[in-house]
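# Coordinates in review
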Amino acid sequence: MHKIFFSGPRCLPLHISGDNRYRLFVNGTPVCSGPARGDLYNWYFETVDIPAYFHKGENVIAALVWNMGVLAPVAQISNQTAFVLQGDGEKEKIVNTNESWKVFHNSAYQPCSMDNSTRLQAYMVIEPGDKVDGALFP
């Protein structure tokens, strides 16, 4: 999560990617998700222009990032959990991911149905799904 002060309309192109998945929000509104599937030598990112999601004054840019690790679907390549948001130049650097971003680990999510391949006696290429404990949700 990152807070910025916005004083008026302008172009603010940003490049976004995550390992292995992310959703980007501006002031609580979903903006985009990704990245498109690739591999470690061809990692993809999205480019968005976000001023339409801003209002005058303080704004919040946030991302939900997840990585299923060894439980990830076969087609979802990963190196390590990560997120990057970066602008093209000097004026966009106010939103670049750096030490000013706040990070929170949401322990409400846990994998479920991890025994599907054993129980079904089949090779599973999908992730196990999420079990969400609402009492732990921030």
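Parameters and conventions
Numbering of residues starts from 1 in every chain and runs along the sequence as written. Two thresholds apply to this predicted model, a pLDDT of at least 70 for residue-level local features and 80 or more for giving and counting side-chain atom pairs, whereas whole-chain, interface and lining totals are computed over all residues. Only hydrogens and water are set aside; all other atoms, that is, all heavy atoms of the structure, feed into the side-chain values. Runs of E in the DSSP output that reach at least two residues are strands. Runs of H or I that reach at least four are helices, and both are numbered from the N terminus. Only protein chains enter the accessibility calculation, which uses a 1.4 Å probe; a residue whose area is less than 20% of its type maximum is buried, one above 50% is exposed, and one in between is partly exposed. Should any heavy atoms of two residues lie within 4.5 Å, those residues are counted as being in contact. The criterion for an aromatic pair is that two Phe, Tyr or Trp rings (for Trp, the six-membered ring) have centres within 6.5 Å, with stacked assigned to planes under 30 degrees apart, edge-to-face to planes over 60 apart and tilted to the rest. Put simply, buried Ala, Val, Leu, Ile, Met, Phe, Trp, Tyr and Cys residues joined by side-chain atoms within 4.5 Å make one nonpolar core. The quantity called pLDDT is the predictor's confidence in a given residue, expressed from 0 to 100. Strand pairing is assigned whenever DSSP identifies at least 2 bridges connecting the two strands. With axes taken as lines fitted to C-alpha atoms, and helix axes fitted only over the stretch in contact, angles between N-to-C directions fall between 0 and 180 degrees.

### Re the environment of Val84
Positionally, Val84 belongs in strand S7 (residues 82–87). Judged by relative accessible area, Val84 falls into the partly exposed class, the value being 38%. Spatially, the C-alpha atoms of Val84 and Phe45 are 9.2 Å apart, while their sequence positions differ by 39 residues. Here Val84 is in contact with His15, Ile16, Ser17 and Thr97, once residues within four sequence places are set aside.

### Thoughts on the packing of aromatic side chains
This structure, assessed with the given rule, holds 3 aromatic pairs. When the centroid spacing of 6.0 Å and the interplanar angle of 65° are considered together, the rings of Tyr109 and Phe137 count as edge-to-face. In this pair, Tyr109 sits in strand S8 (residues 109–111) while Phe137 sits in the segment after strand S9 (130–132), placing the two residues 28 residues apart along the sequence. Residue class for Tyr109 comes out partly exposed when judged on its relative accessible area of 33%. A residue is classified by how much of its surface remains accessible, and Phe137, at 43% relative accessible area, is partly exposed. Here the aromatic cluster, defined as three or more aromatic residues joined through ring pairs, consists of Tyr22, Phe83 and Trp101.

### Some words on the nonpolar core
Leu24, Ile50, Ile61 and Leu85 are the most contacted members of the largest nonpolar core, which totals 15 residues. Ranked by residues supplied to this core, first place goes to strand S3 (residues 21–26) with 3 residues.

### With respect to the confidence of the model for the protein
Across the protein, pLDDT averages 85, with 88% of residues at or above 70. Predicted confidence in the protein is weakest over helix H1 (residues 116–120), with a mean pLDDT of 64, and strongest over strand S4 (residues 29–34), with 95.

### Some details on the sheet that holds strand S2 (residues 13–19)
Strand order in the open sheet made by the 3 strands is S5-S2-S7, with antiparallel pairing throughout. Sheet topology places strand S5 (46–49) and S7 at the edges, where each strand pairs with a single neighbour. Averaged over all neighbouring strand pairs, the angle between strand axes comes to 25°, with direction disregarded. Pairing of S2 with S5, which is carried by 4 bridges, proceeds in the antiparallel orientation. Note on S5: the bridge partner recorded for Ile16 is Glu46.

### Points about unusual backbone geometry
The omega angle of the peptide bond from Asp19 to Asn20 is 0°, so this bond is cis rather than trans. Here Asn20 is to be found in the loop between S2 and S3. In this chain, Gly34 is followed by Pro35 through a cis amide linkage whose omega measures -5°. Inspection of the secondary structure assignment puts Pro35 in the loop between S4 and S5. The phi dihedral of Asn27 is positive, around 50°, even though this residue is not glycine. Position of Asn27 among the secondary structure elements: in the loop between S3 and S4.

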